[in-house]
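Chain and residue survey
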Amino acid sequence: GCPGGGAPRAGVLAAGLTSDCAGGGCAQGGPPLQTDPTLTVNRLSQLGGVTLAGLIVQANHQVSGVTVWPGPALAAGSCDRGTASNWGDPLPVGGPCAGWFPVISAAPGTVVGGGVGQGVLVGAGALELAGDIRFTGVVVALGPVRFRDRARVSGAVVALDSVTLSDSVVVEWSDCAVTMALIGAARPAEHPQRPWVVLP
């Protein structure tokens, strides 16, 4: 449901070497690809009021190995947020899982081979998105990430290692998708305060 446009930013921001599709055209943004060698775990360690490590610990779903087909899951007509393969539903707009933006923590070596999802996908190591996967939101990769086949990401990709895009991949910056994913992935944080009241 996000319109195109927004302030021009990189579709892929990576600390390591980035390999675009032959002839370019896979990544879209302004610039499509941006290499930033100062991008480190420390720079990503604080995401608003939560650390990256804390976000991983509080992830809605933990996945590993080959995840073939994530997609929306329903229970009695409502979005079943407890199903590990339910990563929300960017399409259709207004569907039961359209407002579900989970945080998904992917173990090193995870391969996502198709399906749909939205929210924040954190790869703790090497991560691969392949097949017909369509993801809307933010992909954060702590290891090398590869996009192949017809994988499509609308939002942003931030990687601390190399990024490889090939085949008919599309990665496009979307300010709206990033904002919706981060708001939807927000976690409550304890506000430190005194547990007592000073009486006169």
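Cut-offs applied
- Residues numbered from 1 in each chain as written.
- Predicted model: local features only at pLDDT ≥ 70, side-chain atom pairs only at ≥ 80, totals over all residues.
- Heavy atoms only, no water.
- Helix = DSSP H or I, 4+ residues; strand = E, 2+ residues; numbered from the N terminus.
- Buried < 20%, exposed > 50% of the residue type's maximum accessible area, 1.4 Å probe, protein only.
- Contact = heavy atoms within 4.5 Å.
- Areas by Shrake-Rupley, 256 points an atom, 1.4 Å probe, with all protein chains shown as cover.
- pLDDT = per-residue confidence, 0-100.
- Phe/Tyr/Trp six-rings, centres within 6.5 Å; stacked < 30°, edge-to-face > 60°.
- Disulfide = S-S within 2.5 Å.
- Pairing = 2+ DSSP bridges.

Let's shift gears to the overall build of the protein. Secondary structure summary: the protein contains three helices and 19 strands in total. Taking all 200 residues of the protein together, the buried fraction comes to 45%. Taking as baseline every contact in the protein between residues at least 6 positions apart, the subset at least 24 positions apart corresponds to 40%. Surface accessibility of the protein: about 9700 Å² in total, with carbon and sulfur atoms responsible for 58%.

So, about the confidence of the model for the protein. On average, residues of the protein score 84 in pLDDT, and 84% of them reach the 70 mark or higher. Across the protein, strand β14 (residues 127-129) holds the top mean pLDDT of 96, while strand β5 (residues 46-47) sits lowest at 56. Contacts of residues 191-200 to residues separated by more than four positions or lying in other chains number zero contacts, the stretch itself having pLDDT below 50.

Moving on, we come to the packing of aromatic side chains. Within the structure shown, the criterion is met by one aromatic pair. Seen in terms of ring centroids, W87 and F135 are 6.4 Å apart; in terms of plane orientation they differ by 85°. Their pairing is edge-to-face. Taken together, the residues W87 in the loop between β10 (78-79) and β11 (103-106) and F135 in strand β15 (residues 134-141) connect sequence positions 48 residues apart.

Cysteine pairs can be linked by a disulfide, which is a covalent bond between their two sulfur atoms. For the coordinates displayed, the defined rule picks out two disulfides. Note on cysteine connectivity: C79 is disulfide-linked to C97, with sulfurs 2.2 Å apart. Across the S-S bond linking C79 and C97, the dihedral sits near 110°, which makes this disulfide right-handed. Remark: C97 occurs in the loop between β10 and β11 and C79 occurs in strand β10; sequence separation between them is 18 residues. Given the relative accessible area of 1%, C97 is considered buried.

A few words now on the sheet that holds β14. An order of β2-β18-β16-β14-β12-β8 is seen for the six strands of this open sheet, with the pairing classed as parallel. The open sheet has two edge strands, β2 (18-19) and β8 (66-67), and neither has a second partner. Pairing between strand β16 (residues 145-147) and strand β18 (residues 163-165): three bridges, direction parallel. Counterpart to R146 in the pairing with β18 is T164.

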